[in-house]
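Summary of the model geometry
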Amino acid sequence: MNIRLEQPEKKRIGLMGGTFDPVHYGHLVAAEEARYQFAMEKVIFIPASKPPHKSRNDISTPEQRLEMTKIAVSSNPYFTTSDIEIKRAGLSYTIDTVQAMKQANPDWEIYFITGADAILDILTWKNVEGLLEECFFVAATRPGFKLESVECKLGRLSKEALARIKTIEVPSLAISSTNIRQRVREGRPIKYLLPDEVEKFIYQNNLYLSASW
Ligand code: ATP
Ligand code: MG
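Residues numbered from 1 in each chain as written. Chains lettered and ligands numbered in written order. Predicted model: local features only at pLDDT ≥ 70, side-chain atom pairs only at ≥ 80, totals over all residues.

Named according to an unreviewed UniProt entry, the protein chain is Probable nicotinate-nucleotide adenylyltransferase originating from Sporotomaculum syntrophicum. The Catalytic activity (unreviewed entry) field of the UniProt record for the protein chain holds the comment "nicotinate beta-D-ribonucleotide + ATP + H(+) = deamido-NAD(+) + diphosphate". (UniProt positions renumbered as here; feature names shortened; annotations may be inferred.)

1. Considering the sheet that holds strand β1 (residues 11-18)
In a beta sheet, neighbouring strands pair by backbone hydrogen bonds and run either parallel or antiparallel. Spatially, the 6 strands line up as an open sheet ordered β3-β2-β1-β4-β5-β6, and their pairing is parallel. Taken across any chain shown, the strands that pair with only one partner, and hence form the sheet edges, are β3 (79-81) and β6 (165-168). The mean angle between the axes of side-by-side strands here comes to 30°, regardless of whether they run parallel or antiparallel. In terms of strand pairing, strand β2 (residues 42-47) meets β3 through 3 bridges, oriented parallel. Residue pairing for β3: I44 is matched across the bridge by T80. The strands that helix α4 (residues 94-104) touches are β1, β2 and β4 (108-115); relative to β4, the one it contacts most, it runs at about 155°. (Pairing = 2+ DSSP bridges. Helix = DSSP H or I, 4+ residues; strand = E, 2+ residues; numbered from the N terminus. Axes fitted to C-alpha atoms, helices over the stretch in contact; angles between N-to-C directions. Contact = placed C-beta atoms within 7 Å.)

2. Some details on the confidence of the model for the protein chain
When pLDDT drops low, the exact placement of atoms in the prediction is not to be read closely. Averaged over all residues, the pLDDT of the protein chain is 87; the fraction at 70 or higher stands at 86%. Within the protein chain, helix α7 (residues 148-153) has the poorest average pLDDT of any element, 70, and β3 the best, 98. Interface predicted TM-score (ipTM) for the complex: 0.99; the corresponding pTM is 0.91. (pLDDT = per-residue confidence, 0-100.)

3. Side note on the nonpolar core
Judged by nonpolar contacts, the single largest core of 45 residues is most densely connected at L15, A34, Y111 and I113. Apart from the residues lying within four places of it in its own chain, the contact partners of L15 are I44, I46, V98, M101, I110, F112 and I113. (Core = buried A, V, L, I, M, F, W, Y, C linked by C-beta atoms within 7 Å. Buried ≥ 20, exposed ≤ 12 C-beta atoms within 10 Å, placed from the backbone.)

4. A word on helix α2 (residues 62-73)
When the terminal C-alpha atoms of α2 are compared, their 17 Å separation across 12 residues agrees well with the 16 Å that a helix rising 1.5 Å per residue should span. Regarding α2, the residues found buried are P62, R65, L66, M68, T69, I71, A72 and V73. Where α2 is buried, its residues touch α1 (25-37), β2, β3, α3 (84-87) and α10 (196-204). (Expected span 1.5 Å × (residues − 1).)

5. Some remarks on α4
When α4 is considered as a whole, its buried residues turn out to be T94, T97 and M101. When α4 is viewed along its axis, its buried side chains cluster within an angular range of 65° and face the same direction. On its buried side, α4 packs onto β1, β2, α3, β4 and α6 (128-134). (Arc of directions from axis to C-beta.)

As structure tokens, this is what we get:
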């Protein structure tokens, strides 16, 4: 089911932001479903350099997270990555990224893809009303987060802003990066939670072995 184009002359581009520490099948499935449902030309995965909502300061290096994301998207011709946030100094704010992308590509209509948990947080994001004027949001369900609660929790937003948040259902994937890091630290398997090549990268680079996070 493809949803009607809002501005048919524009190219629909998905942006998938995240820490991707590490990237996993939850991210990939949500991005692919969003791409399909909204007929996007491509989805760009953008690892954050210093996510403003995460205070952990011992995450893997941005370069390692970018590399894992590149490896993970390589088998999908519609997926690509960008180092725009990693290159930019300081904190990564979604509105800055979206504005920079639109400036460089005026014919893009941007759909920012998030999990439903992230969408419930957006009231705390920088200039959320402005952000929702710049782009659409596609919120994918994630186990434990009910889509009905999105509208009720975001009631403070203007009607126009709310209308630009679309929701999609993805097969419930109870996969999270936190759980994967914990599994590595405990010596438990992570196979089938993320692409094999990303698993290999994690072991080859001894990631997530320290308990400090
Ligand atoms: P962490 O456990 O470290 O918070 P994470 O698994 O939530 O990691 P992030 O990099 O924080 O991954 O998430 C990037 C984006 O992907 C967010 O919008 C998040 O809501 C979404 N997301 C994460 N996991 C899933 C999943 N299993 N299904 C759908 N969306 C997901
Ligand atoms: Mg998260």
